Amino acid sequence: DRLTISYCRSSGPGGQNVNKVNTKAEVRFHLASADWIPEDVRQKMALMHRKRINRAGELIVNSEESRYQMRNLAICLEKIRGLVTEATERPKVVSKETSQQLIERVEKMNRERLRQKRIHSSVKQSRKADFD
Amino acid sequence: MGGNGANKALELLRSLPRVTLANLRPSEGSKKQEKRRGRGRYGGRKCGRGHKGQRQRGNRPRLGFEGGQTPFYLVIPKYGFNDGHSLRRQYQPLSLQRLQYLIDLGRVDPKLPIDLTQLINGRGVTVQPLKRDYGVQLVEEGADIFSAKINIEVQRASELAIAAIEKNGGVVTTSFYDPRSLEILCKPVVFFLRGQPIPKRMLPPEDLVLYYTDAKNRGYLADPSKVEKARLELAKKYGYTLPDITKDELFQMLSTRKDPRQIFFGLAPGWVVSLSDKKILKPTDERLLEYYSS
């Protein structure tokens, strides 16, 4: 209802069917006045998807992947949902304790690896028959 | 303009001579002359057999023989593409375009619940229960053009097809018919002439129980509340407002469903329909009633 949906003919091969049947679905909405998206998410989307926004400030998403109008519309809506969720995700905040633990884990792994390597090396050495 | 043509045709009928064998001729290109060998300069002489050799003498080897080299059809190893093909369930496809065509021509009535029997009576689909057909499946072709409010019952339906029907305010249900019930459903008159009581419809086998208890497929064994939720979800996914069928004038017709053990609308299992007497006989014995109402 707040999205402007329009259908037009898709591109690509297909003869008479592609020429006559409206299957490309395009959904556009004015980003700045979309009150169903929170303000900060809106700004983030304006930054991230600059290429999809036209001069009038409308975010345009189109799809011509399927042969059916309804499916193309569903794909458009899915894409919009994906854009919004992408913009909503926050950067992962790693607390100080867990970051220290992570560093300790990495060091432990390296130490263990070098120890195993030394053991393996001694095993191989013991198999050598060196006759002086 | 049409009236003028009709008048002209009637005038012609009055003035032209009587239609006889002498006045008739087949349409141009419909009758092609057959090839007759051994007659005349062109059909005779070698009679289309070529010059000497196995060809002329009729001694060519069997189809596929490659002169001793392992033929193509034996070089390629076998693989189980067709294993158990005679046990696989087949569903006759019914596109939404064809359904719209049938409704527009008046062969299927949208004011009544559409059943497999209605489709077959309107010669919309041909189902062969003996060829491992288990019914009809709804296919998306014509989903954009579809605009009819119907209560339809099929055996399988794809998501887009369900969405297209519900968008126009209709109702879809998927239900199971075992082969015997399917045969009865496809040819009811032949069954009634046999004089046997209507059997109860069997429940689906293990692999299909999950399919028919799922609300997403609008299965007949699924929870009605879950079906409502699934309708809303589908409307959200495909971006249309779900029309409220409770406020519809045809709500009663749209909400008629068959009982899981029922084969025909209005006829219960155990009844005997006699077409010659135009009567329905119902069982009175307790045990029979118990059996048929299980």
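Residues numbered from 1 in each chain as written. Chains lettered and ligands numbered in written order. Predicted model: local features only at pLDDT ≥ 70, side-chain atom pairs only at ≥ 80, totals over all residues. Heavy atoms only, no water.

Going by the annotation in an unreviewed UniProt entry, the name recorded for chain A is Large ribosomal subunit protein mL62, with Tinamus guttatus given as the source organism. If you open the UniProt record of chain A and go to Sequence similarities (unreviewed entry), you find "Belongs to the prokaryotic/mitochondrial release factor family. Mitochondrion-specific ribosomal protein mL62 subfamily." Per UniProt, the comment on chain A under Subcellular location (unreviewed entry) is "Mitochondrion". (UniProt positions renumbered as here; feature names shortened; annotations may be inferred.)

Peer 1: How would you sum up the overall build of chain A? Please name residues and give values.
Peer 2: A count of helical and extended segments in chain A gives 4 helices and 3 strands. Listed N to C, the secondary structure of chain A is β-α-β-α-β-α-α in terms of helices and strands. Going through the 132 residues of chain A one by one, you find that 26% of them count as buried. The contacts of chain A with a sequence gap of at least 6 include a subset with a gap of at least 24, amounting to 54%. (Helix = DSSP H or I, 4+ residues; strand = E, 2+ residues; numbered from the N terminus. Buried < 20%, exposed > 50% of the residue type's maximum accessible area, 1.4 Å probe, protein only. Contact = heavy atoms within 4.5 Å.)

Peer 1: Before we move on, could you go through the packing of aromatic side chains and cite the residues and values that matter?
Peer 2: All names here are of chain B. Under the definition given, this model contains 8 aromatic pairs over all chains. Pairing Tyr 134 with Phe 176 gives two aromatic rings, centres 6.2 Å apart and planes at 35°, and the pair type is tilted. Note that Tyr 134 is positioned in strand E2 (residues 133-139) and Phe 176 in the loop between strand E5 (171-174) and helix H8 (179-186), a separation of 42 residues in sequence. Residue Phe 176 is classed as buried on the basis of its relative accessible area, which comes to 3%. Following the ring pairs from residue to residue traces out a cluster consisting of Tyr 134, Phe 176, Tyr 211, Tyr 212 and Tyr 220. Taking NZ or CZ as reference, Lys 258 lies 5.2 Å from the ring centre of Phe 265, over its face. Its guanidinium or amino end placed over the ring of Trp 271, Lys 282 lies 4.3 Å from that ring's centre, counting from NZ or CZ. (Phe/Tyr/Trp six-rings, centres within 6.5 Å; stacked < 30°, edge-to-face > 60°. Lys NZ or Arg CZ within 6 Å of the ring centre and 35° of its normal.)

Peer 1: Talk me through helix H5 (residues 96-105) of chain B; I want residue IDs and the actual numbers.
Peer 2: Residues and elements named next belong to chain B. Regarding H5, the residues found buried are Leu 96, Leu 99, Gln 100, Leu 102 and Ile 103. One side of H5 holds all its buried residues, which, seen down the axis, span an arc of 160°. Counted as exposed and oriented over 90 degrees from the buried face of H5: Asp 104 and Leu 105. Along its buried surface, H5 packs onto strand E1 (90-95), helix H6 (116-121), E2, strand E3 (151-154) and helix H7 (159-167). Positive phi appears at Gly 106, one or two residues downstream of H5, with a value of about 85°. (Arc of directions from axis to C-beta.)

Peer 1: For the environment of Met48(A), give the residues involved together with the corresponding values.
Peer 2: Residue and element names in this part refer to chain A. You can see Met 48 is positioned in helix H2 (residues 39-48). Separated by 35 residues in sequence, Met 48 and Leu 83 place their C-alpha atoms 9.2 Å apart. Aside from chain neighbours lying at most four places away, what touches Met 48 is Glu 86 and Ala 87.

Peer 1: How would you explain the environment of Gly219(B) if you had to name every residue and give the values?
Peer 2: Within the secondary structure, Gly219(B) sits in the loop between helix H10 (206-212) and helix H11 (224-238). In this view, Gly219(B) contacts Thr174(B), Tyr212(B) and Asp214(B); residues no more than four positions away in its chain are not counted.

Peer 1: Now, about the nonpolar core: what can you tell me, with residues and values included?
Peer 2: Ranked by internal contacts, the top residues of the largest apolar core, which has 48 residues, are Leu96(B), Leu99(B), Leu116(B), Leu138(B) and Ile152(B). When sequence neighbours within four positions are dropped, the list of residues in contact with Leu138(B) reads Leu94(B), Leu96(B), Ile152(B), Val154(B), Arg156(B), Ala157(B), Ser158(B), Ala161(B), Ile165(B) and Val172(B). Core analysis: the next-biggest nonpolar cluster, separate from the first, contains 16 residues, Val41(A), Val61(A), Cys76(A) and Leu83(A) among them. (Core = buried A, V, L, I, M, F, W, Y, C linked by side-chain atoms within 4.5 Å.)

Peer 1: Any details on the confidence of the model for chain A? Residues and values, ideally.
Peer 2: In low-pLDDT segments, the atomic positions of the prediction should not be examined closely. Here chain A averages 81 in pLDDT, while 88% of its residues score no lower than 70. Per-element averaging of pLDDT across chain A places helix H1 (residues 16-20) of chain A at the bottom with 62 and helix H4 (residues 96-127) of chain A at the top with 91. (pLDDT = per-residue confidence, 0-100.)

Peer 1: Can you explain the side chain of Asp178(B)? Please cite residues and give values.
Peer 2: All names here are of chain B. Looking at the secondary structure, you find Asp 178 in the loop between E5 and H8. Nearest to the buried, unbridged Asp 178 among oppositely charged side chains is Arg 201, at 6.4 Å. Apart from residues no more than four positions distant in its own chain, Asp 178 is found in contact with Arg 201 and Met 202. (Lys, Arg positive; Asp, Glu negative; His and termini not counted. Salt bridge = Lys/Arg side-chain N within 4 Å of Asp/Glu carboxyl O.)

Peer 1: Any details on unusual backbone geometry? Residues and values, ideally.
Peer 2: Residues and elements named next belong to chain B. Phi is positive for Cys 47, which is not a glycine, with a value near 55°. As for its placement among the helices and strands, Cys 47 is situated in the loop between helix H2 (40-43) and helix H3 (53-57). You will see that Arg 132, though not glycine, has its phi angle at about 60°, which is positive. In this fold, Arg 132 is placed in the loop between H6 and E2.

Peer 1: Talk me through the sheet that holds E2(B); I want residue IDs and the actual numbers.
Peer 2: Residue and element names in this part refer to chain B. Strand order across the open sheet formed by 3 strands is E1-E2-E4, with parallel pairing between neighbours. Strands with a single pairing partner mark the edges of an open sheet, and in this sheet they are E1 and strand E4 (156-157). Along the sheet face, H5 touches E1 and E2 and points at about 60° away from the line of E1. (Pairing = 2+ DSSP bridges. Axes fitted to C-alpha atoms, helices over the stretch in contact; angles between N-to-C directions.)

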